[in-house]
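Now for the letters of each chain:
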Amino acid sequence: MKRLFIKTYGCQMNVYDSARMADLLAPLGFTATDTPDDADMVILNTCHIREKAAEKVYSELGKLKLLKQARAADGGRLIVAVAGCVAQAEGAEIIARQPAVDIVVGPQSYQRLPEMIARVSRGTGHALETDFPAQDKFDSLPAHTAHGAPTAFLTVQEGCDKFCTFCVVPYTRGAEFSRPVAQVIAEAKTLVDSGAREITLLGQNVNAYRGTGPDGKAWSLAKLVKALATIDHLQRLRYVTSHPRDMTDDLIAAHRDIPILMPYLHLPVQAGSDTILAAMNRGHTAADYLKLVERIRAARPDIALSGDFIVGFPGETDADFAATLDLICAVNYAGAYSFKYSARPGTPAAASARQVPEEVKDARLAELQGLLTAQQKAFNASCVGHTFPVLFEHPGRKAGQAVGRSPYLQSVHVEDALPLTGTIAQVRIEAVLSNSLKGVLVSQGTREKALAN
Ligand code: SAH
Ligand code: SF4
Ligand code: F3S
């Protein structure tokens, strides 16, 4: 038996890929461990989105080098692999910078890990694979081993053709590719059979999904969601991340018509100034986005929205930044992620001569986050007194606690509960804590019904 430690950075698609790499290596005798100290193999599944994310990898590799040397001194062997978007972006440079790395494998080539491990184990050389055979990858991976968790991720789409001028994803993940409908449905059924009650469909541009259906035609995400919604015992569907340009009428209608599609949508806009949106190559204006939000809310009035924002994009003036704050006020977000612009090698914006000074970025980020946090708090406070279905995911830290999520993706906990993991129960929200909501089960009946399901 060999031990495998995988450390995951970045987005949910990396979380999904890490799980699939573990599935792939299980037949080779690798079982998961939660520390590199006793591992025979370590995989860093990396993210290249901002400079800090990429730099973290090198400091981690420095530590692994020492561990590898100590292991060799004891006559043992530690294999070090770098996977994910840094692997794709930097390739052989990683080995030049840190020779302790044995394997570099891009996000579209990790189905080749078994042969790469075999190659490395035989000799002392390195193995490098950074091709883009996305189709190959899903065809040659073993079936997804579901672990019985109530919530699961399922990648349905990969890559990006949008080429926002700040972003590395089109280079690290390649062109847009959608998995065929039948493959997605089969994987969803496996997950549900093993206990998943909520599935989050993943894609760098998930709403650009155009997978081939059983009828030979390209299916939209809305059509896929409709088909998945008929799977017995699947109670919730979500999808992430969407681009405003791909928010089609049929997908908006799906939010009105499909009850298990949760009323929560992550719809990044990045900025509120039309000048900056154009320079980012986002392909829409602030007014387009606001109109879209209006149409989505008309279809599903209780929908909660979240977004991503970048401050300090090259050339961003005080007036541009003020337009972002205005847009945030107009939308009123339930949650959001926000970042300082980070110049990424090879992207068009990195070459701009109009970079914004770091201290200006800091001040803008603080102001933006102040506003977004206030909106999130107000949204959470507005939930107090309401009753929601909560999908319980795990027991809490204290005895008798159960923790789950509301339809709006808020973390909710109840006290004095019987084990509720994997069930949905009605919960009345009583208080807002710093990162979660506290509630009570509305009736014994609900609890019994939940447990019976
Ligand atoms: N495909 C998604 C998100 C991709 S990356 C989309 O189009 O929205 C996640 C987020 O990271 C982006 O939405 C953006 O806000 C942020 N991001 C991407 N590149 C960045 C950069 N160079 N600097 C700072 N933030 C960045
Ligand atoms: Fe990056 Fe833009 Fe593609 Fe999103 S849509 S992954 S931000 S290039
Ligand atoms: Fe990072 Fe790659 Fe995801 S750059 S955000 S891990 S697609």
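Residues numbered from 1 in each chain as written. Chains lettered and ligands numbered in written order. Predicted model: local features only at pLDDT ≥ 70, side-chain atom pairs only at ≥ 80, totals over all residues. Heavy atoms only, no water.

Novice: Can you tell me about the pairing of strand β19 (residues 411-414), naming the residues and giving the values?
Specialist: Relative to β19, strand β18 (residues 402-405) runs antiparallel, the two being bridged by 4 bridges. By the bridge assignment for β19, G404 is matched with V412. Connecting the antiparallel pair β18 and β19 is a turn made up of 5 residues, with L409 showing a positive phi of about 70°. One ladder, built from 3 bridges, connects β19 with strand β21 (residues 437-441); its direction is parallel. Bridged to H413 within β21 is K438. (Pairing = 2+ DSSP bridges. Helix = DSSP H or I, 4+ residues; strand = E, 2+ residues; numbered from the N terminus.)

Novice: Talk me through the pattern of salt bridges; I want residue IDs and the actual numbers.
Specialist: Going through the model one piece at a time under the given rule, you end up with 32 salt bridges. In this structure, E176 and K162 form a salt bridge, with 3.1 Å as the shortest nitrogen-oxygen distance. Within this pair, whereas E176 is found in the loop between α7 (169-172) and β9 (177-178), its partner K162 is found in the loop between β8 (157-158) and α7, the two being separated by 14 residues in sequence. Of the charged contacts in the structure, one is a salt bridge between E198 and R238, with a shortest N-O distance of 3.1 Å. Taken together, the positions of E198 in strand β10 (residues 198-202) and R238 in strand β13 (residues 236-240) put the pair 40 residues apart, joining distant regions of the chain. Judged by its relative accessible area of 6%, R238 is buried. (Salt bridge = Lys/Arg side-chain N within 4 Å of Asp/Glu carboxyl O. Buried < 20%, exposed > 50% of the residue type's maximum accessible area, 1.4 Å probe, protein only.)

Novice: Residue-level account of the site of ligand 2, with values.
Specialist: Every residue lining ligand 2 is accounted for by C160, K162, F163, C164, F166, C167, V169, P170, N205, H243 and R282. A breakdown of the residues in the shell around ligand 2 according to their chemical character gives 7 nonpolar, 2 polar and 2 charged. (Near = heavy atom within 4 Å. Nonpolar A, V, L, I, M, F, W, Y, C, P; charged D, E, K, R; others polar.)

Novice: So what's going on with the domain arrangement of the protein? Which residues, and what values?
Specialist: Split into domains, the protein comes out as domain 1 (2-133), domain 2 (143-257), domain 3 (263-382) and domain 4 (387-452). Each of domain 2 and domain 3 was reduced to a C-alpha centroid, and the two centroids are 24 Å apart. Remark: the boundary between domain 2 and domain 3 carries 1 salt bridge. Ionic pairing is found between R295 and D249, a salt bridge with its closest N-O pair at 2.4 Å. (Domains from an automatic or database assignment.)

Novice: Provide a residue-level description of the packing of aromatic side chains, including the pertinent values.
Specialist: Inspection of every chain in the model, using the stated rule, returns 7 aromatic pairs. Centre to centre, the rings of F313 and Y341 are 5.6 Å apart; their planes meet at 70°, and the pair counts as edge-to-face. A residue pair is termed long-range when its members are at least 10 positions apart, and F313 in the loop between β15 (304-311) and α13 (318-331) and Y341 in the loop between β16 (335-340) and α14 (358-382) qualify at 28 residues. In terms of burial, F313 and Y341 fall into one category: buried. For the ring pair F379 and Y408, a centre distance of 5.7 Å and an interplane angle of 85° mean the geometry is edge-to-face. Pair noted here: F379 is in helix α14 and Y408 is in the loop between β18 and β19, with a separation of 29 residues, a long-range link. The cationic tip of R50 hangs over the ring face of F339; the distance from NZ or CZ to the ring centre is 3.7 Å. (Phe/Tyr/Trp six-rings, centres within 6.5 Å; stacked < 30°, edge-to-face > 60°. Lys NZ or Arg CZ within 6 Å of the ring centre and 35° of its normal.)

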